[in-house]
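Examination of the molecular architecture
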Amino acid sequence: MERRKFLKNSGLGSAAILGGTLIGACKEQKKEIGVTTAKITKGPIVIATWDVPNATAKAFGILDGNGTSLDAVEQGVMMEEADVSNQSVGKGGRPDRDGNVTLDACIMDKDSRCGAVVYLENIVHAVSVARKVMEETPHVMLAGAGAKQFALEMGFPEEDLLTDASREEWLEWKKTSQYKPVINIENHDTIGMLAIDSNGDIAGACTTSGMAYKMGGRIGDSPIIGAGLFVDNEIGGATATGMGEEVVRTVGSFLIVELMRQGKSPQEACEEGVRRIIAKKENYQDIQIGFIAINKAGETGGYCIHPGFSYRQYSGKGHVNTPAKSFIEA
Ligand code: SD4
């Protein structure tokens, strides 16, 4: 119905019916974009950055009950958003240098629909607001006050996200106010999640409170489609954690999906994604980046700059945490 309306409104309908060649040309073009040569998997599988067993178990439970990959990734990452012991995501996240907890998140589905929020304050489940942006608005991304207003209109509760633990650490940090991310310790628990459901459809989500003690207004890679997350249901998906500025500069997750389109395995594509960052960054030793990826066959991979990054995976084969290979060896 929608498609017919579109064809009619755009005048393409009559052209296509008259000639038939236009439709043929579209099909040809689609072939040129490239679809996967990997065997399509039917089995549910979920993979997430870092060792987040509660999140992957939640997501796998949804997939196992024939739920969609979109529901699985949303509800999976929500586990970390609600967990105050994870100080890089959602409630309990470390604040910016002024003491404000600001959240970034995005979500992308099998039809390449996507939604994102940036600089969202006082709402725990940023990923769910991102999903509402995707489903209820004509937009892809809402920021700051507008994002919060939208969330409140959608019925999300407002609450203080700064916990005592994060406040105390921030007050301690303020004594020197030195901005120096510490690899694998201070900042890197952003959760990026990718899932394939029993239909073989892929979705992904990514959510974070960003780099601790960042400048007010700073946005990282995590909510940026193509940088912190990218899904193409014909090929696979990728997501990132670490120093967001460097992931944005190379449009890392999009790059990895495109490398898989060209025939690389998820592991090879993640390695190339990290190498691209290293090639552009003089002091790459000072930062951590971790990528994970999945292809349509359910093959997965992960790679990082420094040892210490791992990813959790749950499938019919079990629930495992895998330390990622790293460019700098242990
Ligand atoms: C960012 N990529 O805001 C995020 C940080 C991160 O765990 O991964 N934190 O740049």
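Structure shown above.
Residues numbered from 1 in each chain as written. Predicted model: local features only at pLDDT ≥ 70, side-chain atom pairs only at ≥ 80, totals over all residues. Heavy atoms only, no water.

Along the chain, A55 falls in helix α4 (residues 53-64). A55 gets classed as buried once you look at its relative accessible area, which sits at 0%. On a C-alpha basis, the gap between A55 and E81 in space is 9.7 Å, while along the polypeptide they are 26 residues apart. If we skip the residues at most four places from it in the chain, A55 touches G76, M79, E80, I191 and M193. (Helix = DSSP H or I, 4+ residues; strand = E, 2+ residues; numbered from the N terminus. Buried < 20%, exposed > 50% of the residue type's maximum accessible area, 1.4 Å probe, protein only. Contact = heavy atoms within 4.5 Å.)

Scanning the model with the defined rule gives 18 salt bridges in all. A salt bridge links R275 to E272; the shortest N-O distance between them is 3.5 Å. Highlighted residues: R275 and E272, both in helix α11 (residues 266-280), separated by three residues, approximately one helical turn. The class for R275 is partly exposed, based on a relative accessible area of 37%. (Salt bridge = Lys/Arg side-chain N within 4 Å of Asp/Glu carboxyl O.)

It is at 8 Å that the axes of α4 and helix α5 (residues 69-82) come closest, and there the two elements cross at 155°. Taken together, the axes of α4 and α5 are roughly antiparallel relative to one another. Of the two elements, α4 crosses α5, and the hand of that crossing is right-handed. The segment α4 lies against α5, with N54, A55, K58, A59, I62 and L63 engaging S69, D71, A72, Q75, G76, M79 and E80. Here the residues of the contact of α4 with α5 are counted per class, giving six nonpolar, four polar and three charged. (Axes fitted to C-alpha atoms, helices over the stretch in contact; angles between N-to-C directions. Parallel < 35°, antiparallel > 145°, perpendicular 65-115°, else oblique. Left-handed = near helix turned anticlockwise from the far one by under 90°. Nonpolar A, V, L, I, M, F, W, Y, C, P; charged D, E, K, R; others polar.)

Even without being a glycine, S177 presents a positive backbone phi close to 55°. Judged by its relative accessible area of 41%, S177 falls in the partly exposed class. Phi at Y213 takes a positive value of approximately 65°, unusual for a residue other than glycine. Locating Y213 in the fold gives a position in the loop between β6 (202-208) and β7 (229-232).

Bringing the nonpolar core into the picture now. Nonpolar side chains tend toward joint burial in soluble globular proteins. Core analysis: the largest hydrophobic core is formed by 83 residues, its most contacted members being V117, M193 and F291. Top contributing element to this core by residue count: helix α6 (residues 126-136), with six residues. (Core = buried A, V, L, I, M, F, W, Y, C linked by side-chain atoms within 4.5 Å.)

Our focus in this paragraph is the packing of α5 against α6. It is the contact of α5 with α6, at a shortest axis distance of 8 Å, that shows an interaxial angle of 150°. By the criterion of interaxial angle, the relationship of α5 to α6 is roughly antiparallel. The residues of α6 that touch α5, namely those facing L70, D71, E74, V77, M78 and E81, are A126, V127, S128, R131, M134 and E135. For the contact of α5 with α6, the class distribution of residues is six nonpolar, one polar and five charged.

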